[in-house]
2 protein chains.
Amino acid sequence: MLEQFKITADDAVTVDPTALAQTTQGFFERVGIPAPDARVAADVLVRADLRGVDTHGVSNMLRVYLSDLKSGVINPTPKVSVVRETPAIANLHSDNGLGVVVTPKAMNMAIEKAKDVGVGMVTVGHGRHLGMASYHAMMALEHDMIGLCVTTAGPRMAPTFGAVPRLGTNPIAIAAPAGTEPPFVLDIATTAVAGNKITIAQRLGTKILGGWAADERGVPIMEAMDPPEHDVPALLPLGSVREMGSHKGYGLACVVDILSGILSGGGYGMFPGRPYNHHMVSAYRVDAFTDLDGFKAMMDEFLQTLKETPPSPGHDGVVVPGHPEWDTEQERRANGIPLHAEVVQWFRDTCRELDVPYILE
Amino acid sequence: MLEQFKITADDAVTVDPTALAQTTQGFFERVGIPAPDARVAADVLVRADLRGVDTHGVSNMLRVYLSDLKSGVINPTPKVSVVRETPAIANLHSDNGLGVVVTPKAMNMAIEKAKDVGVGMVTVGHGRHLGMASYHAMMALEHDMIGLCVTTAGPRMAPTFGAVPRLGTNPIAIAAPAGTEPPFVLDIATTAVAGNKITIAQRLGTKILGGWAADERGVPIMEAMDPPEHDVPALLPLGSVREMGSHKGYGLACVVDILSGILSGGGYGMFPGRPYNHHMVSAYRVDAFTDLDGFKAMMDEFLQTLKETPPSPGHDGVVVPGHPEWDTEQERRANGIPLHAEVVQWFRDTCRELDVPYILE
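Just so it is clear, the model here is predicted, and its values are computed rather than measured.

(A) Summary view of the overall build of chain A. Within chain A, the regular secondary structure consists of 11 helices and 12 strands. Relative to the globule expectation of 21 Å for 361 residues, the C-alpha radius of gyration of chain A, 20 Å, shows essentially globular dimensions. In terms of overall dimensions, chain A has a C-alpha envelope of 50 × 50 × 45 Å along the principal axes. The buried share of chain A, taken over its 361 residues, is 63%. The contacts in chain A between residues at least 6 apart in sequence include a share of 67% that link residues at least 24 apart. Just so you have it, chain A exposes about 12,600 Å², and 51% of that area is on carbon and sulfur atoms. Both charge centroids of chain A, one from 29 positive and one from 42 negative side chains, sit 6 Å from each other.

Here you go:
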């Protein structure tokens, strides 16, 4: 997480993760999600907060989910159906189900298939937002598998040389187990910066940086600026400008649309009139390919060598993807999750509104 | 391809693609590769030239391959063995075989598995350079499958906050069929720029651009500069600097090392003392997931909408990944492949040296 987004002690209330999950589950149940599904949905959100991925935790996502559940945009009790299936793959129709409920089911299917044939790949069409993509990828870790999750989103990214948004932030998450080292967990938007970073900059009044966004004509903004009152016209792809490889970020966003949206038959993220998110999860069973202990030992060696890279001037060292989040998770499991006072007030109000006991303080 | 790298008419000789492939096959046969394998290897190289991917065609790669075949770094007659296998996956030991020979065999295995169970995934350890990665991904297209190919390379990329190279350019290639539109073909290094672009800038005396490389202390060079006489100290990841997402390009390069190098049991690209390239190819059969005609129609709609995006100022429009290369391939199949005079002279000399008839002019 970039320094500017850290929550300072002054305006934070630290809450117990279990109480936060229980409260969140209660909210989901009150808007019609069955208890077992509500428990998983709450776990996805709180896991993001535990890992310091506050952009995808309770403060940003929960109020959106509740609002969409109330308005019927999200179906609280979807009839998820299998469109096509083989021993290695499946395609599911999500029936407007919330991604934080349906995607864990899809990943469990992928894991079962990978147990049988080494790989499992499940596409999910006609779904809704799935929260922190790496949650689903990380489900593979306890089975000694590599996990993958990609998902489409509504248009935010202007493709290279384009003036208006045509692709979502379309994230890619991959998790791989190691031995003594914490697992490798990559979770990245294919834009230069995750969309929620702009929202948070607006809320905190911090700057948005050069290379993140385009102006209303589609021209990349390459200097830091104050966030506009409303949304930025478009986010830039990873690479920011063509000369630095923005066609690669744009191309990867297309790949996400193809592998999740189009391959599921659900659609793609290009039009605001199509409110769906489509997902694809995969699991690769390590010992189908190679010796598991050898794999883990080589992962440890790989990650340790990365960490031991001599640092460039002004930096402490190379960071392994997922390791800062791992450290944050250990710390927050022990000491609690800091929430903005404004978010805590929203929990107080919502507990009253939905008749859920307030247990955060 | 960036404008500065285009070969101008003044210093080019245009050659017939079939003659170029026949000559290249002849070279491979003379250094010990059996004729059927030599034919495939030549096809991989000439396909790159046909598509305008000159960095991975005969001019840059062939002399390296021949040198390494003569010195024994590449095994011309590898005994490729199956390490582990299921109906959906396989792991191959490449026995130091050339990637342009062994990877097409691996992709054919993946395609056969995808015919059976919808997906095929084949890792290849202990191999050598596989040429243009999209060649292997594109093999899936004629089977109405999506193809994927990733491969490790020796260390060129400095990870974010690191001072020295620790990862290869580790490319990712994905090809997806469409209906009336040419296929989508993405083929990208996970560095901001492909390594060979630096070599070509050195040969042509053109500038290397800001965001491409780090200096000898690991500090990103963000202004255009003349190429150094020898190699640049390190390439930057896609994203160039942390604030613009270089941790994403660095993370994707790690993923390539994990999915090809470590999952195959072969190793990873980090150490110059490990001369291997490791590969991973996958094929996804579209009609295992969804209706094929519906998929192709939706791909057409997706790609057409991208092309119809209003352009940003100073640009003609949005480019679909793989479409410029498609256009170049049609043009070069009809009119021939332009080669630098210096490259043609090398062919003349090598034909004499290896006793292969010179038929390019």
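(B) Inspection of the sheet that holds strand S8 (residues 213–214) of chain A at higher detail. Spatial ordering of the open sheet is given by S9-S8-S10 (chain A), a layout of 3 strands whose pairing is antiparallel. A single partner strand is all that each edge strand has here, and the edge strands are strand S9 (220–221) and strand S10 (234–235) of chain A.

(C) Broad picture of the interface of chain B and chain A. Each partner contributes to the interface: chain B provides 96 residues, whereas chain A provides 96 residues. Here chain B and chain A share an interface that buries about 7,400 Å² over both sides, 73% of which is from carbon and sulfur atoms. It is Phe161, Lys248 and Phe289 of chain B that lose the most area in chain B upon contact with chain A, and together they represent 11% of the buried surface on that side. In this structure, the connection of chain B to chain A is made through 0 salt bridges. Inspection of the chain B/chain A interface yields 26 residue pairs in polar contact (both at pLDDT 80 or more). Mapped onto the side of chain B that touches chain A, the elements with two or more residues apiece are strand S2 (81–85), strand S3 (89–93), strand S4 (119–127), strand S6 (172–176), strand S7 (184–188), helix H7 (246–262), helix H8 (286–289) and helix H9 (292–307) of chain B. At 12 residues, H7 of chain B tops the list of elements feeding residues into the side of chain B that touches chain A.

(D) Region of the structure containing the pairing of strand S1 (residues 12–15) of chain B. All names here are of chain B. Along S1, the buried face is formed by Val13 and Val15; none of Ala12 and Thr14, which line the opposite face, is buried. In terms of strand pairing, S1 meets strand S12 (residues 337–340) through 4 bridges, oriented antiparallel. The residue bridging Thr14 from the neighbouring strand is Pro338, located in S12.

(E) Looking closely at helix H1 (residues 17–30) of chain B. All names here are of chain B. With 14 residues, H1 extends 20 Å between its outermost C-alpha atoms, agreeing within 8% with the 20 Å of an ideal straight helix rising 1.5 Å per residue. Listing the buried residues of H1 in full gives Pro17, Ala19, Leu20, Thr23, Thr24, Gln25, Gly26, Phe27 and Phe28. Against S1, helix H2 (35–50), helix H3 (58–71), helix H10 (323–335), S12 and helix H11 (341–354) lie the buried residues of H1.

(F) Seen up close, the packing of aromatic side chains. Under the criterion given, the structure shown has 9 aromatic pairs over all chains. Taken together, a centroid distance of 5.6 Å and an interplanar angle of 25° make the contact between Phe27 of chain B and Phe347 of chain B stacked. Here Phe27 of chain B is found in helix H1, whereas its partner Phe347 of chain B is found in helix H11, with 320 residues between them in sequence. By relative accessible area, which is 0% here, Phe347 of chain B ends up buried. Three or more aromatic residues joined by ring pairs make a cluster, and in this case those are Phe27, Trp346 and Phe347 of chain A.

(G) Spotlight on the sheet that holds strand S8 (residues 213–214) of chain B. Residue and element names in this part refer to chain B. Read across the sheet, 3 strands follow the order S9-S8-S10 without closing on themselves; strand pairing throughout is antiparallel. The open sheet has two edge strands with one neighbour each: strand S9 (220–221) and strand S10 (234–235). As judged from the 2 bridges shared by S8 and S9, these two strands associate in the antiparallel manner. Counted as the bridge partner of Ala214 is Pro220 from S9.

Rules used throughout
- Residues numbered from 1 in each chain as written.
- Chains lettered and ligands numbered in written order.
- Predicted model: local features only at pLDDT ≥ 70, side-chain atom pairs only at ≥ 80, totals over all residues.
- Heavy atoms only, no water.
- Helix = DSSP H or I, 4+ residues; strand = E, 2+ residues; numbered from the N terminus.
- Rg over C-alpha atoms; globule rule 2.2 N^0.38 Å.
- Buried < 20%, exposed > 50% of the residue type's maximum accessible area, 1.4 Å probe, protein only.
- Contact = heavy atoms within 4.5 Å.
- Areas by Shrake-Rupley, 256 points an atom, 1.4 Å probe, with all protein chains shown as cover.
- Lys, Arg positive; Asp, Glu negative; His and termini not counted.
- Charge placed at Lys NZ, Arg CZ, Asp CG, Glu CD.
- Pairing = 2+ DSSP bridges.
- Buried area = accessible area lost by both parts, 1.4 Å probe.
- Salt bridge = Lys/Arg side-chain N within 4 Å of Asp/Glu carboxyl O.
- Polar contact = N/O pair within 3.5 Å; in protein donor to acceptor, adjacent residues only side chain to side chain.
- Expected span 1.5 Å × (residues − 1).
- Phe/Tyr/Trp six-rings, centres within 6.5 Å; stacked < 30°, edge-to-face > 60°.

Coordinates in, geometry out; function isn't part of it.
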